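Observations on the three-dimensional arrangement
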Amino acid sequence: GCTNLVNAPVLSATTLANGCYQQMFYGCGSLNYIKAMFTTTPVIDYTGDWVSSVASTGTFVKNAAATWNVTGTSGIPSGWTVVTE
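Summarised in this report is the structure supplied together with it.

Reading the values: rules and limits
Residues numbered from 1 in each chain as written. Predicted model: local features only at pLDDT ≥ 70, side-chain atom pairs only at ≥ 80, totals over all residues. Heavy atoms only, no water. Helix = DSSP H or I, 4+ residues; strand = E, 2+ residues; numbered from the N terminus. Rg over C-alpha atoms; globule rule 2.2 N^0.38 Å. Buried < 20%, exposed > 50% of the residue type's maximum accessible area, 1.4 Å probe, protein only. Contact = heavy atoms within 4.5 Å. Core = buried A, V, L, I, M, F, W, Y, C linked by side-chain atoms within 4.5 Å. Polar contact = N/O pair within 3.5 Å; in protein donor to acceptor, adjacent residues only side chain to side chain. Phe/Tyr/Trp six-rings, centres within 6.5 Å; stacked < 30°, edge-to-face > 60°.

Topic: the overall build of the protein
For the protein, the helix and strand inventory stands at one helix and three strands. Relative to a compact globule of 85 residues, whose C-alpha radius of gyration would be 12 Å, the protein shows 11 Å and is just as compact. C-alpha atoms of the protein, sized along the principal axes, occupy 30 × 25 × 20 Å. Residues classed as buried in the protein amount to 40% of the 85 residues present. The long-range share in the protein, meaning contacts at least 24 apart out of those at least 6 apart in sequence, stands at 65%.

Concerning the nonpolar core
Ranked by size, the top nonpolar core spans 18 residues in total, and within it Phe25, Leu31, Ile34, Trp50 and Phe60 carry the most contacts. Non-local contacts of Leu31, meaning those with residues more than four positions away in its chain, are made with Leu5, Val6, Asn7, Ala8, Phe25, Val54, Ala55 and Trp80.

Quick notes on the side chain of Thr47
With respect to the helices and strands, the residue Thr47 is situated in helix H1 (residues 44-47). Of note is the side chain of Thr47, whose polar atom sits 2.6 Å from the backbone oxygen of Ser74. When near neighbours in sequence (up to four residues on either side) are disregarded, Thr47 contacts Leu16, Tyr21, Gln22, Pro42, Thr73 and Ser74.

With respect to the packing of aromatic side chains
With the rule as written, the count across this model stands at seven aromatic pairs. Aromatic pair Phe38 and Trp68: ring centres 5.4 Å apart, planes at 10°, arrangement stacked. With Phe38 in the loop between strand E1 (33-36) and H1 and Trp68 in the loop between strand E2 (59-62) and strand E3 (81-84), this residue pair connects regions lying 30 residues apart in the sequence. Its relative accessible area of 0% is what places Phe38 among the buried residues. A ring pair is formed by Phe60 and Trp68, whose centres lie 6.2 Å apart and whose planes are at 85°; its orientation type is edge-to-face. Taken as a pair, Phe60 and Trp68 share a single burial class, namely buried. Connected via pairs of aromatic rings, a cluster forms that spans Tyr21, Phe25, Phe38, Trp50, Phe60 and Trp68.

Take it as geometry only, folks, not as evidence of what the structure does.
Below you can see the structure in the form of structure tokens.
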């Protein structure tokens, strides 16, 4: 329900823990920029629905060392551009 959030704060953690980002940005309809430095593969236990209902286009900055390619509500939002850093 954070409808005014456009840019997420930098998520600098490189390892995910159970429940750490679940539903974090759920309902943030204006959100169109996320920089997430985790290298852990996102799964429902870590990032379930974390980007449900965000903007349909945006930029997702991903750690260059991350080998995962998960998209959708538990990964990189569908329709977003991916940049590695």
